[in-house]
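Letter by letter, the chains look like this.
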Amino acid sequence: MLKILPACISLSSYTLRVKEKSTNKYIILDELNEEDDILEIFISFFDYFLANMAGEDESKKLFRIHRYQPARSIEIESTEYRLISGIVKTGSYGYESDIVNKNGNTVTHHRTSEEAELLPFYFLVAVPRNKDEGIIILQSFKQYGIKKIFTENFDNYFRSERAEYKIEINDLIPEKLLNELLERGSVTKLRYISFKQPVDLADAADTEDRDEDSNLKAELILSEKKGIISGVVDSIKGRLPYKKGQDDDPLKKLIEITSFEYDTVKIEVRVNGKYKNIDLCDLGNIRPTMNITDDVVFLNSGHPEFDSINQIAIDLFKELASGLGIESDTSA
Amino acid sequence: MLDKINIFKLFKEHLGTLKKFNSDSYNIEDIILFLIFPAILAYALMIYNIDLTNNIIIILVTSFSIFAALLFNLLLLIYDIVSKSNGKKLNRNGEDSNENSVTPSNSSSNEKEKKKKTLSLKERLLKETYVNISYNITIAIISIIFLLVIYLMLETMETAKEGASAYPILLHVFKYVIPLLSFFVYYFLIQFMLTLFMILKRIHVLLSKEFE
């Protein structure tokens with residue numbers, strides 16, 4: 001019997017902010033007009049689209065909320081976050097197609113141009129108290145995502161409720177996460193790494209898919225002493241990801257005397273007893289898009305089980321909210 | 001007139017395969033190994049009077065012929081791998097255009113980029129291997145021609161020694177031409193062997209990728 005491989009499921013993270021149009025300043029999310037909470041607006045948005053469907057426009061994409069869970073609280077570093085998670089269903093219409101059963105060669109249904117195939121997508125919205133930045137996590141299925149349709153529909157709804165404000169939903173950038181990590185933790189080591197550069201095309205093709213360690217040539221490790229390394233790392237904060245060969249490169253100056261030719265630099269950061277290694281040239285290891293295909297539990301429908309994806313999303317949110325895996329208190 | 005047998009471009013392309021990966025500059029070590037070392041060794045063989053006797057000529061002609069035939073087959077293998085790669089590329093493009101009915105996201109675009117990069121490296125490797133094989137076939141053919149010419153000259157000189165009439169000037173010319181052609185035969189022989197090892201390594205990498 002053929003084993004059906006699960007489709008690629010991933011989670012992408014975004015920041016949520018509200019800007020006041022008149023002052024162009026960001027507003028505390030639970031103090032819109034000093035008393036309104038954006039969480040309430042989200043809840044009414046979800047309630048509206050539970051009962052209604054969007055999509056009667058030129059985009060030809062249907063959108064509705066299938067279900068959502070009531071808000072629960074999580075405290076991270078003395079900030080209370082209210083979390084709402086649920087399932088959105090969306091799909092395109094406007095063209096015809098045949099639905100065929102793979103076990104016979106018969107057409108079981110002819111999809112008309114007014115019908116759409118609705119696919120379920122998970123979402124999580126985290127709204128903090130007393131802060132101006134929340135986090136939104138959205139699921140992708142294969143190469144399909146919902147960022148555009150989710151944010152457009154919420155933006156339209158929000159503007160109809162609060163025309164004096166503007167919603168901003170942007171990619172959660174790893175550079176920002178790294179800066180937060182450096183603020184909260186201490187740098188313990190700096191590793192300069194030199195890779196073997198293949199000269200032969202055959203060697204390059206042969207090692208293309210391998211891990212970087214197989215090409216590791218040499219390492220120069222500096223341990224933190226008297227705040228020197230922290231000071232140097234602080235000075236490149238605004239220039240991340242780090243690019244070798246820039247003017248006044250402080251990382252290069254630090255080891256000038258060794259004449260060690262390196263290809264990348266990694267830092268080890270210690271926060272609350274935990275160590276995290278980050279490649280300064282490639283912040284991909286704290287990239288906020290996660291492939292969770294192997295971690296999630298799949299239903300017979302081929303889509304992830306809600307509780308399973310919800311737990312993974314909450315774990316991801318905790319890491320993003322704090323920049324690293326800090327213990328948190330959860331209350332319903 | 002000589003357009004159909006002009007192989008200068010092939011020599012140029014083969015020389016291009018001696019460049020560094022991801023760079024436009026030549027790898028000095030490869031230039032020394034594939035171009036200078038065979039010349040030094042061939043010259044040493046001449047200096048130490050390692051002449052091409054009739055037996056050696058026969059053995060070399062046979063060997064070159066067999067290898068040339070095998071290398072022609074290898075060209076077909078490369079063609080087969082290229083055809084399969086192109087077939088896979090077409091299928092991938094077909095799948096992408098069918099799955100855009102909802103909102104495409106960039107969640108798998110990084111993986112696609114990596115696949116694309118790997119494919120172009122493989123394509124480059126296939127092309128360079130094809131050039132190397134073609135070059136090796138060419139120098140095998142040239143060597144066979146030189147060896148046959150040397151053989152004819154040696155036979156003519158043998159016949160002249162036995163008293164049969166021959167143009168003395170021709171014999172005089174042969175005395176200089178034979179060492180020159182011998183030098184090139186040795187040069188191409190050593191270069192042929194070294195290029196064969198390079199082809200072996202590249203075919204090994206290509207077939208390993210196919211198995212993966």
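Residues numbered from 1 in each chain as written. Chains lettered and ligands numbered in written order. Predicted model: local features only at pLDDT ≥ 70, side-chain atom pairs only at ≥ 80, totals over all residues. Heavy atoms only, no water.

Examining the overall build of chain A
To keep it simple, the criterion reads: Going along the chain from the N terminus, every DSSP run of H or I of four or more residues is numbered as a helix, and every run of E of two or more is numbered as a strand. Burial classes: relative accessible area under 20% of the type maximum marks a residue as buried, over 50% as exposed, and values in between as partly exposed (1.4 Å probe, protein chains only). In this description, contact between two residues means that some pair of their heavy atoms is separated by no more than 4.5 Å. The Shrake-Rupley method, run with a 1.4 Å probe, gives the accessible areas here. Residue values count only the displayed protein chains as cover.
Secondary structure assignment for chain A yields seven helices and 16 strands. Counting every position in chain A, which comprises 332 residues, the buried fraction comes to 45%. Considering only residue pairs separated by 6 or more positions, chain A has 67% of its internal contacts joining residues 24 or more positions apart. On chain A, roughly 17,500 Å² of surface is accessible, and the fraction owed to carbon and sulfur atoms is 46%.

Remarks on unusual backbone geometry
The phi angle at Lys142(A) is positive, at roughly 55°, despite the residue not being glycine. Relative to the helices and strands, Lys142(A) resides in the loop between β9 (134–141) and α2 (147–161).

Things to note about a nonpolar patch on the surface
Here is the rule: The patch calculation keeps residues exceeding 30% relative accessible area without a salt bridge and links them within 9 Å when they carry like charges or within 5 Å when they are nonpolar (Val, Leu, Ile, Met, Phe, Trp, Tyr). Salt bridges are defined by distance alone: a side-chain nitrogen of Lys or Arg within 4 Å of a carboxyl oxygen of Asp or Glu.
Among the surface-exposed residues, Ile28(B), Ile32(B), Ile36(B) and Ile40(B) lie close enough to one another that they form a single nonpolar patch of about 380 Å² accessible area. Inspection of the secondary structure puts Ile32(B) in helix α2 (residues 28–47).

Let's talk about the packing of α2(B) against helix α5 (residues 168–211) of chain B
All names here are of chain B. For the record, the criterion: Simply put, an axis is a line fit to the C-alpha atoms, just over the touching stretch for a helix, and the angle between two N-to-C directions goes from 0 to 180 degrees. Relative orientations are named as follows: roughly parallel for angles under 35 degrees, roughly antiparallel for angles over 145 degrees, roughly perpendicular for angles from 65 to 115 degrees, and oblique for any other angle. For a crossing to be left-handed, the near helix must be turned anticlockwise from the far one by less than a right angle; the clockwise case is right-handed. Here the term charged refers only to Asp, Glu, Lys and Arg, the term nonpolar to Ala, Val, Leu, Ile, Met, Phe, Trp, Tyr, Cys and Pro, and the term polar to all other amino acids, Gly among them.
With their axes 8 Å apart at the nearest point, α2 and α5 run at an angle of 140° to one another. With respect to α5, the axis of α2 lies oblique. Between α2 and α5 lies a crossing whose hand is right-handed. Packed against α2, whose contacting residues are Leu33, Phe34, Leu35, Phe37, Pro38, Ala39, Leu41, Ala42, Tyr43, Leu45 and Met46, the element α5 presents Pro179, Ser182, Phe183, Tyr186, Tyr187, Ile190, Gln191, Leu194, Thr195 and Met198 at the interface. Grouping the amino acids of the contact of α2 with α5 by side-chain chemistry returns 18 nonpolar, three polar and no charged.

Points about the nonpolar core
Residues and elements named next belong to chain A. Put simply, the rule reads: By nonpolar core we mean a set of buried residues, namely Ala, Val, Leu, Ile, Met, Phe, Trp, Tyr and Cys, connected to one another through side-chain atoms within 4.5 Å.
Within the largest apolar cluster, 61 residues are counted, with the highest numbers of intra-cluster contacts made by Leu11, Ile38, Phe42, Phe46, Phe63, Phe158 and Phe317. Top contributing element to this core by residue count: helix α7 (residues 306–322), with nine residues. Not counting the four nearest positions on each side in its chain, isoleucine 38 is found in contact with Val18, Leu29, Leu32, Val127, Phe154, Phe158 and Ile167.

Quick notes on the packing of helix α1 (residues 38–51) of chain A against α2(A)
Residue and element names in this part refer to chain A. Close contact between α1 and α2 brings their axes to 10 Å; oriented N to C, the two are set at 110°. When the axes of α1 and α2 are compared, the pair comes out roughly perpendicular. Residue-level inspection shows Ile38, Ile41, Phe42, Ser44, Phe45, Phe46, Tyr48 and Phe49 of α1 in contact with α2, the latter providing Phe150, Asn153, Phe154, Tyr157 and Phe158. Among the residues making up the contact of α1 with α2, the classes are represented as 11 nonpolar, two polar and no charged.

Examining the packing of aromatic side chains
Formally: Note on aromatic pairs: the rings of Phe, Tyr and Trp (six-membered ring only in Trp) are paired at centre separations within 6.5 Å, and the planes decide the class, stacked below 30 degrees, edge-to-face beyond 60, tilted for the rest. The criterion is that NZ of a Lys, or CZ of an Arg, lies within 6 Å of the ring centre and within 35 degrees of the ring normal, and then a charge sits over that ring.
Counted according to the given criterion, the structure contains 26 aromatic pairs over all chains. Taken together, a centroid distance of 5.6 Å and an interplanar angle of 75° make the contact between Phe183(B) and Phe184(B) edge-to-face. Taken together through their ring pairs, the aromatic side chains of Phe42(A), Phe45(A), Phe46(A), Tyr48(A), Phe49(A), Phe63(A), Tyr68(A), Phe123(A), Phe150(A), Phe154(A), Tyr157(A) and Phe158(A) make up a single cluster. The lysine or arginine in question, Arg17(A), covers the ring of Tyr26(A), its NZ or CZ lying 3.8 Å from the ring centre. Sitting above the plane of the Phe306(A) ring, Arg67(A) keeps its charged end 4.1 Å from the centroid.

Section: the pattern of salt bridges
Across all of its chains, the model carries 15 salt bridges over all chains by this definition. Here Arg129(A) makes a salt bridge to Glu80(A), at a shortest N to O gap of 3.2 Å. Of the two residues, Arg129(A) is situated in the loop between β8 (119–128) and β9 and Glu80(A) in strand β5 (residues 79–92); the sequence distance between them amounts to 49 residues. On the basis of relative accessible area, Glu80(A) is assigned to the partly exposed category, the value being 27%. Where Asp200(A) meets Lys201(B), a salt bridge forms, and the shortest distance between an N and an O atom there is 2.9 Å.

Focus: the side chain of Lys19(A)
All names here are of chain A. Selection criterion: Within 3.5 Å is the distance limit for a polar contact, defined as a pair of N or O atoms, with the added protein rule that one can donate a hydrogen and the other accept it, and that residues adjacent in sequence qualify only through two side-chain atoms.
Among the structural elements, lysine 19 can be located in strand β1 (residues 9–20). Among the residues examined, lysine 19 registers a relative accessible area of 15% and is labelled buried. Within polar-contact distance, the side chain of lysine 19 engages the side chain of glutamate 168 at 3.5 Å. Residues in contact with lysine 19, not counting those within four places in the same chain, are Asn24, Lys25, Tyr26, Glu164, Tyr165, Lys166 and Glu168.

Overview of α2(A)
Where we set the bar: Multiply 1.5 Å by the residue count of a helix minus one, and that product is the helix's expected span.
With 15 residues, α2(A) extends 21 Å between its outermost C-alpha atoms, agreeing within 8% with the 21 Å of an ideal straight helix rising 1.5 Å per residue. For α2(A), the full list of buried residues reads Ile149(A), Phe150(A), Thr151(A), Asn153(A), Phe154(A), Tyr157(A) and Phe158(A).

Observations concerning the confidence of the model for chain A
Residues and elements named next belong to chain A. The line we're drawing: Per-residue confidence from the predictor is reported as pLDDT, a score between 0 and 100.
Considering every residue of chain A, the mean pLDDT works out to 80; 85% of them sit at 70 or more. When pLDDT is averaged over each helix and strand of chain A, the minimum, 37, is found for strand β16 (residues 329–331) and the maximum, 94, for β8. Every residue in residues 324–332 is under pLDDT 50, and counting partners more than four places away or in other chains gives 22 contacts.

A closer look at the pairing of strand β13 (residues 264–271) of chain A
Residue and element names in this part refer to chain A. The test is simple: Pairing between strands requires that DSSP locate at least two bridges from one strand to the other.
For β13, a buried count of seven out of eight residues is recorded, marking the element as mostly surrounded by other parts of the structure. Pairing of strand β11 (residues 186–195) with β13 involves seven bridges; the strand directions are antiparallel. Bridging across to β13, isoleucine 193 finds its partner in threonine 264.

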